[in-house]
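The primary structure of each chain is shown beneath.
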Amino acid sequence: QKEVEQDPGPLSVPEGAIVSLNCTYSNSAFQYFMWYRQYSRKGPELLMYTYSSGNKEDGRFTAQVDKSSKYISLFIRDSQPSDSATYLCAMSVQSASKIIFGSGTRLSIRP
Amino acid sequence: EPEVTQTPSHQVTQMGQEVILRCVPISNHLYFYWYRQILGQKVEFLVSFYNNEISEKSEIFDDQFSVERPDGSNFTLKIRSTKLEDSAMYFCASRDRGLGNQPQHFGDGTRLSIL
(Lines give C-alpha, C1' and ligand atoms only; values in the text may rest on other atoms or scores of the structure.)
Protein backbone atom coordinates (compact mmCIF):
# COMPACT_ATOMS: atom_id res chain seq x y z
CA GLN A 1 0.00 0.00 0.00
CA LYS A 2 1.37 3.41 -0.99
CA GLU A 3 2.11 5.78 1.87
CA VAL A 4 0.14 8.63 0.25
CA GLU A 5 -2.36 8.13 -2.55
CA GLN A 6 -3.80 10.86 -4.73
CA ASP A 7 -5.89 10.64 -7.89
CA PRO A 8 -3.73 12.14 -10.67
CA GLY A 9 -6.72 13.36 -12.68
CA PRO A 10 -6.83 15.33 -14.87
CA LEU A 11 -9.84 17.12 -13.41
CA SER A 12 -11.61 19.72 -15.55
CA VAL A 13 -14.38 21.95 -14.15
CA PRO A 14 -16.09 25.17 -15.32
CA GLU A 15 -15.15 28.51 -13.82
CA GLY A 16 -17.04 29.22 -10.61
CA ALA A 17 -17.45 25.57 -9.66
CA ILE A 18 -16.48 24.11 -6.29
CA VAL A 19 -13.48 21.81 -6.60
CA SER A 20 -12.82 18.91 -4.27
CA LEU A 21 -9.36 17.31 -4.13
CA ASN A 22 -8.56 14.35 -1.91
CA CYS A 23 -5.79 12.14 -0.60
CA THR A 24 -5.62 9.05 1.54
CA TYR A 25 -2.65 7.86 3.53
CA SER A 26 -1.55 4.80 5.44
CA ASN A 27 0.91 6.07 8.06
CA SER A 28 -1.02 6.96 11.23
CA ALA A 29 2.06 8.82 12.54
CA PHE A 30 1.48 11.73 10.15
CA GLN A 31 0.46 14.82 12.10
CA TYR A 32 1.11 17.71 9.68
CA PHE A 33 -0.86 18.00 6.47
CA MET A 34 -0.22 20.35 3.60
CA TRP A 35 -1.52 21.28 0.21
CA TYR A 36 0.89 22.71 -2.32
CA ARG A 37 0.10 24.14 -5.74
CA GLN A 38 2.57 23.60 -8.55
CA TYR A 39 2.51 25.43 -11.85
CA SER A 40 4.39 24.01 -14.82
CA ARG A 41 8.18 24.21 -14.34
CA LYS A 42 7.79 25.88 -10.94
CA GLY A 43 8.34 24.73 -7.39
CA PRO A 44 5.59 23.67 -4.95
CA GLU A 45 3.84 26.72 -3.49
CA LEU A 46 2.33 26.27 -0.05
CA LEU A 47 -1.46 26.77 0.05
CA MET A 48 -2.59 25.25 3.32
CA TYR A 49 -0.81 23.87 6.39
CA THR A 50 -2.71 22.12 9.15
CA TYR A 51 -1.89 20.17 12.27
CA SER A 52 -3.89 17.10 13.25
CA SER A 53 -7.61 16.72 12.48
CA GLY A 54 -10.04 19.49 11.71
CA ASN A 55 -10.82 22.21 9.20
CA LYS A 56 -8.89 25.28 8.15
CA GLU A 57 -10.15 28.03 5.88
CA ASP A 58 -8.15 30.64 3.98
CA GLY A 59 -10.08 32.75 1.51
CA ARG A 60 -11.52 30.46 -1.17
CA PHE A 61 -9.60 27.45 0.13
CA THR A 62 -10.68 25.02 2.86
CA ALA A 63 -8.57 22.11 4.05
CA GLN A 64 -10.05 19.20 5.97
CA VAL A 65 -8.20 16.46 7.81
CA ASP A 66 -9.86 13.31 9.13
CA LYS A 67 -7.18 11.31 10.90
CA SER A 68 -9.59 8.55 11.90
CA SER A 69 -10.21 7.81 8.21
CA LYS A 70 -6.70 8.82 7.09
CA TYR A 71 -8.27 11.16 4.56
CA ILE A 72 -7.55 14.78 3.70
CA SER A 73 -9.36 17.15 1.38
CA LEU A 74 -8.93 20.54 -0.22
CA PHE A 75 -11.95 22.52 -1.39
CA ILE A 76 -11.69 25.47 -3.75
CA ARG A 77 -14.73 27.73 -3.95
CA ASP A 78 -15.54 30.02 -6.87
CA SER A 79 -12.75 28.42 -8.94
CA GLN A 80 -10.85 30.68 -11.36
CA PRO A 81 -8.85 29.87 -14.51
CA SER A 82 -5.75 30.98 -12.57
CA ASP A 83 -6.37 28.02 -10.21
CA SER A 84 -5.41 25.69 -13.07
CA ALA A 85 -2.33 23.85 -11.79
CA THR A 86 -1.22 20.59 -10.21
CA TYR A 87 -2.24 20.25 -6.56
CA LEU A 88 -0.01 18.18 -4.30
CA CYS A 89 -1.12 16.81 -0.98
CA ALA A 90 1.74 16.34 1.45
CA MET A 91 2.28 15.24 5.00
CA SER A 92 4.92 14.75 7.64
CA VAL A 93 5.33 13.17 11.04
CA GLN A 94 6.90 16.22 12.64
CA SER A 95 6.98 19.83 11.55
CA ALA A 96 10.69 19.70 10.65
CA SER A 97 10.81 16.19 9.25
CA LYS A 98 10.71 15.07 5.64
CA ILE A 99 7.56 15.68 3.64
CA ILE A 100 5.89 12.80 1.83
CA PHE A 101 4.04 13.97 -1.26
CA GLY A 102 1.13 12.58 -3.20
CA SER A 103 1.48 12.21 -6.94
CA GLY A 104 -0.51 15.40 -7.59
CA THR A 105 -3.88 16.10 -9.23
CA ARG A 106 -3.83 18.13 -12.42
CA LEU A 107 -6.71 20.64 -12.30
CA SER A 108 -8.02 22.67 -15.22
CA ILE A 109 -10.62 25.44 -14.79
CA ARG A 110 -12.50 26.16 -18.02
CA PRO A 111 -13.47 29.85 -18.58
CA GLU B 1 7.64 38.06 0.50
CA PRO B 2 10.94 36.22 1.18
CA GLU B 3 11.61 33.30 -1.11
CA VAL B 4 14.02 30.45 -1.68
CA THR B 5 16.16 31.04 -4.75
CA GLN B 6 17.92 28.36 -6.77
CA THR B 7 20.59 28.57 -9.44
CA PRO B 8 20.99 27.66 -12.20
CA SER B 9 17.43 27.18 -13.44
CA HIS B 10 18.68 24.59 -15.94
CA GLN B 11 21.91 22.61 -15.86
CA VAL B 12 23.08 20.32 -18.65
CA THR B 13 25.94 17.98 -17.78
CA GLN B 14 27.69 15.02 -19.35
CA MET B 15 27.29 11.68 -17.58
CA GLY B 16 30.09 11.10 -15.11
CA GLN B 17 30.69 14.78 -14.47
CA GLU B 18 30.29 16.49 -11.13
CA VAL B 19 27.51 19.02 -10.68
CA ILE B 20 26.74 21.50 -7.90
CA LEU B 21 23.24 22.87 -7.43
CA ARG B 22 22.96 26.05 -5.42
CA CYS B 23 20.25 27.38 -3.14
CA VAL B 24 19.83 30.53 -1.10
CA PRO B 25 17.29 29.71 1.63
CA ILE B 26 15.03 32.29 3.23
CA SER B 27 17.01 34.48 5.60
CA ASN B 28 17.00 33.32 9.24
CA HIS B 29 15.71 29.86 8.33
CA LEU B 30 17.66 27.09 10.00
CA TYR B 31 16.32 23.88 8.45
CA PHE B 32 17.26 23.04 4.87
CA TYR B 33 16.12 20.32 2.51
CA TRP B 34 16.65 18.91 -0.96
CA TYR B 35 13.92 17.10 -2.88
CA ARG B 36 13.82 15.89 -6.44
CA GLN B 37 11.07 15.22 -8.99
CA ILE B 38 11.73 12.95 -11.93
CA LEU B 39 9.53 13.92 -14.89
CA GLY B 40 6.00 12.61 -14.37
CA GLN B 41 6.72 11.28 -10.88
CA LYS B 42 6.24 12.37 -7.28
CA VAL B 43 8.35 14.90 -5.43
CA GLU B 44 10.77 12.78 -3.38
CA PHE B 45 12.74 13.67 -0.27
CA LEU B 46 16.54 13.48 -0.53
CA VAL B 47 18.07 15.02 2.57
CA SER B 48 17.49 17.39 5.47
CA PHE B 49 20.17 19.54 7.10
CA TYR B 50 20.18 21.31 10.45
CA ASN B 51 22.87 22.73 12.69
CA ASN B 52 25.55 22.01 10.07
CA GLU B 53 24.84 18.34 9.78
CA ILE B 54 22.56 15.95 7.94
CA SER B 55 19.55 15.15 10.11
CA GLU B 56 17.89 12.67 7.76
CA LYS B 57 18.51 11.20 4.31
CA SER B 58 16.66 8.89 1.97
CA GLU B 59 17.87 5.76 0.19
CA ILE B 60 18.34 7.87 -2.92
CA PHE B 61 20.97 10.00 -1.16
CA ASP B 62 23.90 7.64 -1.59
CA ASP B 63 27.65 8.30 -1.52
CA GLN B 64 27.44 10.17 -4.83
CA PHE B 65 25.52 12.96 -3.11
CA SER B 66 26.70 15.51 -0.58
CA VAL B 67 25.36 18.73 0.89
CA GLU B 68 27.13 21.72 2.31
CA ARG B 69 26.39 25.10 3.80
CA PRO B 70 29.61 26.84 2.82
CA ASP B 71 28.67 30.22 4.28
CA GLY B 72 25.79 31.91 6.06
CA SER B 73 23.56 32.17 3.01
CA ASN B 74 24.12 29.28 0.57
CA PHE B 75 23.13 25.62 0.68
CA THR B 76 24.49 23.32 -2.00
CA LEU B 77 23.84 19.83 -3.34
CA LYS B 78 26.74 18.11 -5.08
CA ILE B 79 26.44 15.02 -7.24
CA ARG B 80 29.92 13.63 -7.67
CA SER B 81 29.57 11.43 -10.76
CA THR B 82 26.26 11.99 -12.47
CA LYS B 83 24.21 9.19 -14.01
CA LEU B 84 21.46 9.37 -16.60
CA GLU B 85 18.88 8.59 -13.93
CA ASP B 86 19.90 11.72 -11.99
CA SER B 87 18.02 13.78 -14.59
CA ALA B 88 15.23 15.49 -12.64
CA MET B 89 14.02 18.74 -11.12
CA TYR B 90 15.83 19.40 -7.85
CA PHE B 91 14.03 21.54 -5.29
CA CYS B 92 15.55 23.21 -2.28
CA ALA B 93 13.35 24.05 0.72
CA SER B 94 13.87 25.83 3.99
CA ARG B 95 11.99 26.13 7.26
CA ASP B 96 12.03 28.67 10.04
CA ARG B 97 13.66 28.04 13.37
CA GLY B 98 10.43 27.94 15.39
CA LEU B 99 9.57 24.86 17.39
CA GLY B 100 5.92 25.29 16.51
CA ASN B 101 4.11 24.64 13.30
CA GLN B 102 6.42 25.95 10.62
CA PRO B 103 6.02 24.79 7.01
CA GLN B 104 8.73 24.19 4.45
CA HIS B 105 9.00 26.72 1.63
CA PHE B 106 10.28 25.62 -1.75
CA GLY B 107 12.32 27.24 -4.49
CA ASP B 108 11.45 26.96 -8.18
CA GLY B 109 14.02 24.26 -8.73
CA THR B 110 16.95 23.43 -10.97
CA ARG B 111 16.26 21.24 -13.95
CA LEU B 112 19.20 18.85 -14.26
CA SER B 113 19.68 17.13 -17.61
CA ILE B 114 22.32 14.42 -17.87
CA LEU B 115 23.47 13.58 -21.38
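Treat the numbers as computed from the prediction; the structure is a model and nothing was measured.

(A) Spatial organisation of the interface of chain A and chain B. Taken residue by residue, the interface counts 20 residues in chain A and 20 residues in chain B. In total, about 1,700 Å² of surface goes out of reach between chain A and chain B, with carbon and sulfur atoms giving 55% of it. In terms of surface lost to chain B, no three residues of chain A exceed A96, K98 and F101 of chain A, which account for 27% of the buried area on that side. The interface formed by chain A and chain B contains 2 salt bridges. In this structure, E56 of chain B and K98 of chain A form a salt bridge, with 3.7 Å as the shortest nitrogen-oxygen distance. Taken together, the connections running from chain A to chain B amount to 10 residue pairs in polar contact (both at pLDDT 80 or more). For the side of chain A that touches chain B, the secondary structure elements donating two or more residues are β4 (32–38) and β5 (45–51) of chain A.

(B) Just the environment of T62 of chain A, in detail. All names here are of chain A. Position of T62 relative to the elements: it lies in strand β7 (residues 61–66). The class for T62 is buried, based on a relative accessible area of 10%. For T62 and Y32, which are 30 residues apart along the polypeptide, the C-alpha to C-alpha distance reads 15 Å. Every residue in contact with T62, bar those within four places of it in the chain, is listed here: M48, K56, E57, S73, L74, F75 and R77. Engagement of the side chain of T62 in a polar contact is seen with the side chain of R77, the distance being 2.9 Å.

(C) Expanded view of the sheet that holds strand β1 (residues 5–7) of chain B. All names here are of chain B. Taken together, 4 strands build an open sheet; the order of strands is β1-β3-β8-β7 and the sheet is antiparallel. Bordering the open sheet on either side are β1 and β7 (65–68), each of which pairs with just one other strand. Strand-to-strand twist in this sheet, taken as the mean axis angle between neighbours without regard to direction, amounts to 20°. Pairing of β1 with strand β3 (residues 19–24) involves 3 bridges; the strand directions are antiparallel. Bridged to T5 within β3 is V24.

Scoring rules and cut-offs
Residues numbered from 1 in each chain as written. Chains lettered and ligands numbered in written order. Predicted model: local features only at pLDDT ≥ 70, side-chain atom pairs only at ≥ 80, totals over all residues. Heavy atoms only, no water. Contact = heavy atoms within 4.5 Å. Buried area = accessible area lost by both parts, 1.4 Å probe. Salt bridge = Lys/Arg side-chain N within 4 Å of Asp/Glu carboxyl O. Polar contact = N/O pair within 3.5 Å; in protein donor to acceptor, adjacent residues only side chain to side chain. Helix = DSSP H or I, 4+ residues; strand = E, 2+ residues; numbered from the N terminus. Buried < 20%, exposed > 50% of the residue type's maximum accessible area, 1.4 Å probe, protein only. Pairing = 2+ DSSP bridges. Axes fitted to C-alpha atoms, helices over the stretch in contact; angles between N-to-C directions.

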